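Take a look at the letters that make up each chain.
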Amino acid sequence: QVQLVESGGGLVQAGGSLRLSCAASGRTFSNFVISWFRQAPGKEREFVAAISRSGGITDYADSVKGRFTISRDNAKNTVYLQMNSLKLEDTAVYYCAQGALVRWRYEAGMDYWGKGTLVTVSS
């Protein structure tokens, strides 16, 4: 089984930065991707960013492009989400998820999920 554990969430002021981590363990596949999703209270879950196993493919939602950077350290089996220039609307629970190298922008395309980590951006 694949286990995903997010960490790094917390309280940060608008304009600040935060780095989230997603540590993976257990069974993995050569063609898997790790995606980040987020969900604010009372709102729908939305795609944030994704990265392939090799790091050769990355993808970002328009709302975070230019501010967030996804990366991975395969030696540590960890994916990171560096979040800069944070805005109030970035406040959400952030989840990492693993799926096949297809439909990585969609919840239905993901096979495994972490429990999430809360990011709160204050003014």
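Residues numbered from 1 in each chain as written. Predicted model: local features only at pLDDT ≥ 70, side-chain atom pairs only at ≥ 80, totals over all residues. Heavy atoms only, no water.

### Section: the pairing of strand S7 (residues 68–73)
So, step 1. Here S7 shows a buried face lined by Phe-68, Ile-70 and Arg-72 and an unburied face lined by Thr-69, Ser-71 and Asp-73.
So, step 2. The turn joining S7 and strand S8 (residues 78–83), which pair antiparallel and follow one another in sequence, is formed by four residues; a positive phi near 55 degrees is taken by Asn-77. (Buried < 20%, exposed > 50% of the residue type's maximum accessible area, 1.4 Å probe, protein only. Helix = DSSP H or I, 4+ residues; strand = E, 2+ residues; numbered from the N terminus. Pairing = 2+ DSSP bridges.)

### Some remarks on the sheet that holds S8
So, step 1. The strand order across the open sheet formed by four strands is S1-S3-S8-S7, and the pairing between neighbours is antiparallel. Among the strands making up the open sheet, the edge pair consists of strand S1 (2–7) and S7. On average, each strand axis in the sheet is tilted by 15 degrees relative to the strand beside it, whichever way the strands run.
So, step 2. Across six bridges, strand S3 (residues 18–26) lies against S8 in antiparallel orientation. Bridged to Leu-20 within S8 is Leu-81. (Axes fitted to C-alpha atoms, helices over the stretch in contact; angles between N-to-C directions.)

### Observations concerning the packing of aromatic side chains
So, step 1. One pass over the full model with this rule turns up three aromatic pairs.
So, step 2. Taking the centre distance of 5.8 Å and the plane angle of 75 degrees together, the rings of Phe-37 and Phe-47 count as edge-to-face. Of this pair, Phe-37 sits in strand S4 (residues 32–39) while Phe-47 is found in strand S5 (residues 46–52), placing the two residues ten residues apart along the sequence. When sorted by exposure, Phe-37 lands in the same class as Phe-47, which is buried. (Phe/Tyr/Trp six-rings, centres within 6.5 Å; stacked < 30°, edge-to-face > 60°.)

### Some thoughts on the nonpolar core
One broad trend across soluble globular proteins is that nonpolar side chains are buried collectively.
So, step 1. Counting 34 residues, the largest nonpolar core has Trp-36, Leu-81, Met-83 and Tyr-94 as its most contacted members.
So, step 2. Elements supplying a minimum of two residues to this core: S1, S3, S4, S5, S7, S8, strand S9 (92–100) and strand S11 (117–122).
So, step 3. Ignoring anything within four residues of it in the chain, the contact list for Tyr-94 reads Glu-6, Leu-20, Trp-36, Phe-37, Arg-38, Val-48, Phe-68, Leu-81, Met-83, Gly-116, Thr-117 and Val-119. (Core = buried A, V, L, I, M, F, W, Y, C linked by side-chain atoms within 4.5 Å. Contact = heavy atoms within 4.5 Å.)

### Here's the deal with the side chain of Ser-52
So, step 1. By the secondary structure assignment, Ser-52 is in strand S5.
So, step 2. The class for Ser-52 is buried, based on a relative accessible area of 5%.
So, step 3. Among the polar contacts made by the side chain of Ser-52, one reaches the main-chain amide nitrogen of Gly-56 at a distance of 3.3 Å.
So, step 4. In this structure Ser-52 touches Phe-32, Val-33, Ile-57, Arg-72 and Leu-101, once residues within four positions along its chain are discounted. (Polar contact = N/O pair within 3.5 Å; in protein donor to acceptor, adjacent residues only side chain to side chain.)

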